[in-house]
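Residues per chain are reported as follows:
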Amino acid sequence: MSRWIQNGDNVDITKERKNATFNTERMSAWIHGGDEVLKRRREILDYVKSNPDFKDPIPVEFLSREERVSNGTRKIVKMTDNTDQIDGADFFGEGMYFQSLVMGRDLHPLSLHYIMFLPTLQGQTDDEQLDEWLPKAIARSIVGTYAQTELGHGTNLSKLETTATYDPSTQEFVLHSPTITAAKWWPGGLGKSSNHAIVVAQLYTKGQCKGPHPFIVQLRDLETHKPMKGVRLGDIGPKLGINGSDNGFLLFDKYRIPRKAMLMRYSKVQPDGTYIAPAHSKLGYGTMVFVRSIMIKDQATQLGAAATIATRYSAVRRQGEPVVGNGEIQILDYQTQQYRVFPQLARAFAFLFAAYEIRDLYLRLTEELTHGNTELLPEIHALSSGLKSVVSWDTAQGIEQCRLSCGGHGYSQASAFPEIYGYAVGGCTYEGENLVMLLQVARYLVKAAEETRKGTSNLAEICGYISKTGRRTSSLTSIANYTTDQIIEDLEHVARKQVFHAYDKLKKAQQHVKPEDAWNQSSVELAKASRWHVRLYLVKTFLKKVDKAPEDLKKVMIHVARLYAFDIISSSSGNFLEEGYMRPDQITEIKEGVYECLAKIRPVAVSLVDSWDYDDLELKSVLGKRDGNVYEALLQWAQNSQLNKSDVIPTFEKYLGPMMKDARSKL
Ligand SMILES: CCCCCCCC/C=C\CCCCCCCCCCCCCC(=O)SCCNC(=O)CCNC(=O)[C@H](O)C(C)(C)COP(=O)(O)OP(=O)(O)OC[C@H]1O[C@@H](n2cnc3c(N)ncnc32)[C@H](O)[C@@H]1OP(=O)(O)O
Ligand SMILES: Cc1cc2nc3c(=O)[nH]c(=O)nc-3n(C[C@H](O)[C@H](O)[C@H](O)COP(=O)(O)OP(=O)(O)OC[C@H]3O[C@@H](n4cnc5c(N)ncnc54)[C@H](O)[C@@H]3O)c2cc1C
């Protein structure tokens, strides 16, 4: 047994846990939404652990692509055979947790079936279509994906090339891919697994193009699973991450589908070809809004996992001997290490709490839409797009910081960082490339600025700060007395200033050049305005959540929330110093605030990450193991390498052996 192990666990990590100033169970319950939620998480975990069907033969890092797809398919079928173990209506909570425990971060051939195919059927079909398709999809007698992006067009939906031309003589649509760039490209599970898809195509009726619309399309024969005649499809090959998913390509050759294959909850084509427009032109984009909103929790979970791994490893890793003779110290004691890791932990919390807010808002939207009210759409589109962009970017950067903080072992797949990064960073691109989505937020902010300038503003609460008359200088006196209201006031100032800076730049440019050029020339500043708008929202949400926490938890979490805010301010100090809003000494105070927060978090860091309630099964990281016995586990993990199957590998006999033998003979 290693000298670092006592009673099974690493001694350092045990000591860290003894430092906790709060009850980790109470903290976990608060983080995850209450005792009942925590209890359910434990039940789901026990169920998954006790079921041999969910076990991987070896860590997935050692599997080939084909083995990954096969293993993932096996597990997701078993998992969805057992959805009675969870509350199926709670996709955001129990659904995502269950799938994370069983499937890990590789995704799988049913990902898109659950994330987009089913939600599109629920959101976009008329009653008759819902009755026809939903039971089949829920029962999994058909498996579907969401095929929108094409080789030539992803962001700009208005230029998708796949056509769906209505033929009233047969009451059918003819699906066609007129060019190579019209090939659908990327949809998850499309390559080899799905037999149906929601295909987004340009609708033509009575000779007119009505823009992109969703159709439900059978792609493969239900018995043989061979592609239907007129359908060509396959896998697009290995990717940076999610290699358990067969993302695919798809081309149509004048493929006929019935009129009722067009999803007709909002837009309709009547038998004679007459088109009926939806109440709001973007209602057909609803599934994207749904996914953007669930992505926030998913990203928070990935960043929380990375921070957990880095924190636990930093507690057991000893390196450097500041006082010679006293032994090497835990790397978690270095301020630089804390500065690298703790802000990632703070971000993960901020994102998780924002995820709860966007979930609630999305549920409100769904309710409103059932009454035909589309008023909330622009707000939720702007918020989900903005959060998706800022959160996925910060998550990717944060995971990388956590990886770097673990030194060489962070580079090994044993750490799980490559898997976490490869999985999470996709979120910067899918569901709308981040910069494009920030520019969507900017359109919303420009309108708010315009209203304010006209003096007619009646802004939604979320952008109410834009029309406020703020202070000319920050009221910060000392970090100890820097209140939540003051922090928010200072962030509001910078966000508002950036919104008007971008707005004025745009308006000025509009006087000289065409509107589209003016937009383009202002777009960097517009995107910056969007980022500040979202950061402000994240800070407010986090501080508000902590404000309402029970006293024993608040005492700890307030340092985490303040670290999140101070880190944002100090790393963008230029924005706060502009026009003397803050003085350099105030920035120095905030930097000191960062260091104070790091010092406050240090003693409870391991307990804080424990409170996220990741089981080893979910973390899938040798470095992040709860018991802290990383060295033994690393040695054991390496035994899975295919190269270790024999002491001498064939390549040696073929190349290195003869080379050295030859060289020896010449000496
Ligand atoms: C029983 C339980 C079982 C459990 C099983 C569980 C399994 C669970 C499995 C996994 C769970 C894990 C969850 C993790 C999730 C992560 C995994 C994800 C996997 C990957 C999925 C990826 C899928 C995709 O990527 S699909 C493709 C997405 N594509 C895009 O997003 C394209 C982006 N482009 C656009 O959205 C648009 O083109 C646009 C918005 C950029 C522009 O659109 P346009 O051209 O039509 O716009 P206009 O310029 O004409 O008009 C702009 C105008 O419209 C407003 N607007 C735009 N969009 C919307 C909207 N959605 N709503 C409201 N308004 C909108 C915009 O604001 C403008 O308004 P103005 O008033 O300013 O004019
Ligand atoms: C892992 C993964 C899974 C995916 N799954 C699916 C799926 O299941 N179904 C599906 O349909 N699609 C899927 N996609 C596709 C994804 O939705 C698109 O890649 C995404 O919408 C971006 O489109 P694009 O690739 O065409 O990028 P582009 O739009 O070509 O973007 C390239 C660059 O151009 C910039 N740019 C583009 N337009 C503008 C603009 N108007 N203003 C300023 N800059 C601009 C972008 O910011 C970016 O830097 C997936 C993608 C990935 C990576």
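As the structure is a prediction and not an experimental result, all values here were calculated from the model.

1. What about the overall build of the protein?
Step number 1: Scanning the protein from terminus to terminus reveals 22 helices and 13 strands.
Step number 2: The C-alpha radius of gyration of the protein comes to 27 Å, within 12% of the 26 Å expected for a compact globule of 667 residues.
Step number 3: In terms of overall dimensions, the protein has C-alpha extents of about 90 × 80 × 60 Å along its principal axes.
Step number 4: Relative to its full complement of 667 residues, the protein shows a buried share of 46%.
Step number 5: Restricting the contact set of the protein to residue pairs at least 6 apart, pairs at least 24 apart contribute 74%.

2. Thoughts on the site of ligand 1
Step number 1: What surrounds ligand 1 is a group of 35 residues, the closest being Gly88, Tyr285, His381, Tyr430 and Gly432.
Step number 2: Top contributing element to the shell around ligand 1 by residue count: helix H8 (residues 286-316), with six residues.
Step number 3: Looking at side-chain class alone, the shell around ligand 1 contains 16 nonpolar, 15 polar and four charged residues.

3. Things to note about the site of ligand 2
Step number 1: Not every one of the 20 residues close to ligand 2 is listed here, only the nearest: Gln148, Thr149, Gly154, Thr155 and Trp186.
Step number 2: Where the shell around ligand 2 is concerned, the elements lending two or more residues are strand E3 (144-147) and helix H13 (434-454).
Step number 3: A total of three residues in the shell around ligand 2 trace back to one element, the largest contributor, which is H13.
Step number 4: Among the residues making up the shell around ligand 2, the classes are represented as ten nonpolar, nine polar and one charged.

4. Here's the deal with the nonpolar core
Step number 1: Judged by nonpolar contacts, the single largest core of 178 residues is most densely connected at Phe215, Ala306, Leu345, Phe351, Val539, Phe542 and Tyr564.
Step number 2: A total of 17 residues in this core trace back to one element, the largest contributor, which is H8.
Step number 3: Counting contributing residues per domain, this core is built from domain 1 (115-278) and domain 2 (484-610), each supplying no fewer than three.
Step number 4: Leaving out residues up to four positions away in the same chain, Leu345 has contacts with Ala307, Thr311, Val560, Leu608 and Val609.

5. Side note on the packing of H13 against helix H14 (residues 484-510)
To characterise two packed helices, one gives the angle between the axes of the helices and the distance between these axes.
Step number 1: Orientation of H13 relative to H14, taken along the N-to-C sense of each, is 85°, at an axis distance of 10 Å. In terms of their interaxial angle, H13 and H14 are classed as roughly perpendicular. Each of Ala442, Leu445, Val446 and Ala449 in H13 lies in contact with H14, whose residues at this interface are Val499, Phe500, Ala502, Tyr503 and Leu506.
Step number 2: The residue inventory of the contact of H13 with H14, partitioned by class, reads nine nonpolar, no polar and no charged.

6. Structural notes on the UniProt feature "domain: Acyl-coenzyme A oxidase N-terminal" (unreviewed entry) in the protein
Step number 1: The residues that UniProt annotates with the feature "domain: Acyl-coenzyme A oxidase N-terminal" (unreviewed entry) are residues 23-140.
Step number 2: Taken end to end, residues 23-140 comprises 69% helix and 0% strand; its first and last C-alpha atoms sit 43 Å apart.

7. Focus on the pairing of strand E5 (residues 172-176)
Step number 1: Pairing of strand E4 (residues 163-167) with E5 involves five bridges; the strand directions are antiparallel. The residue bridging Thr163 from the neighbouring strand is His176, located in E5.
Step number 2: Linkage of E4 to E5, two consecutive antiparallel strands, is achieved through a turn of four residues, within which Gln171 is found at a positive phi near 55°.
Step number 3: Taken together, the four bridges between E5 and strand E11 (residues 255-258) define a ladder with antiparallel strand orientation. Across the sheet, Phe173 pairs through a bridge with Ile257, a residue of E11.

Rules behind the numbers
- Sequence order as written defines the numbering, with residues in each chain counted from 1.
- Going through the entries in the order they are written, you letter the chains from A and number the ligands from 1.
- Where local features are concerned, this predicted model is filtered to residues with pLDDT of at least 70; where side-chain atom pairs are given and counted, the filter is 80 or more; whole-chain, interface and lining totals use all residues.
- Put simply, DSSP marks the helices as runs of H or I at least four residues long and the strands as runs of E at least two long, and each gets a number from the N terminus on.
- Values of the radius of gyration come from C-alpha atoms, whereas the globule rule sets the reference at 2.2 Å times the count of residues to the power 0.38.
- The exposure scheme places C-beta atoms from the backbone and then counts, for each residue, the other C-beta atoms within 10 Å of its own, assigning buried at 20 or more, exposed at 12 or fewer, and partly exposed in between.
- We call two residues in contact when the distance between their C-beta atoms, placed using the backbone, is within 7 Å.
- Residues are classed as near a molecule or strand if the C-beta position derived from their backbone is within 6 Å of it.
- Three classes are used, and their members are as follows: Ala, Val, Leu, Ile, Met, Phe, Trp, Tyr, Cys and Pro are nonpolar, Asp, Glu, Lys and Arg are charged, and the others, Gly among them, are polar.
- Working definition: the nonpolar core is a set of buried Ala, Val, Leu, Ile, Met, Phe, Trp, Tyr and Cys residues, joined through C-beta atoms within 7 Å.
- For the purposes of this description, domain bounds are those given by an automatic or database domain assignment.
- Only the stretch in contact is used when a helix axis is fitted, and all axes are lines through C-alpha atoms; the angle between N-to-C directions ranges over 0 to 180 degrees.
- Reported orientations rely on four angle classes, namely roughly parallel under 35 degrees, roughly antiparallel over 145, roughly perpendicular from 65 to 115, and oblique for the rest.
- UniProt positions are given in the numbering used here, feature names are shortened, and annotations may be inferred rather than shown by experiment.
- Strand pairing is assigned whenever DSSP detects at least two bridges linking the two strands.

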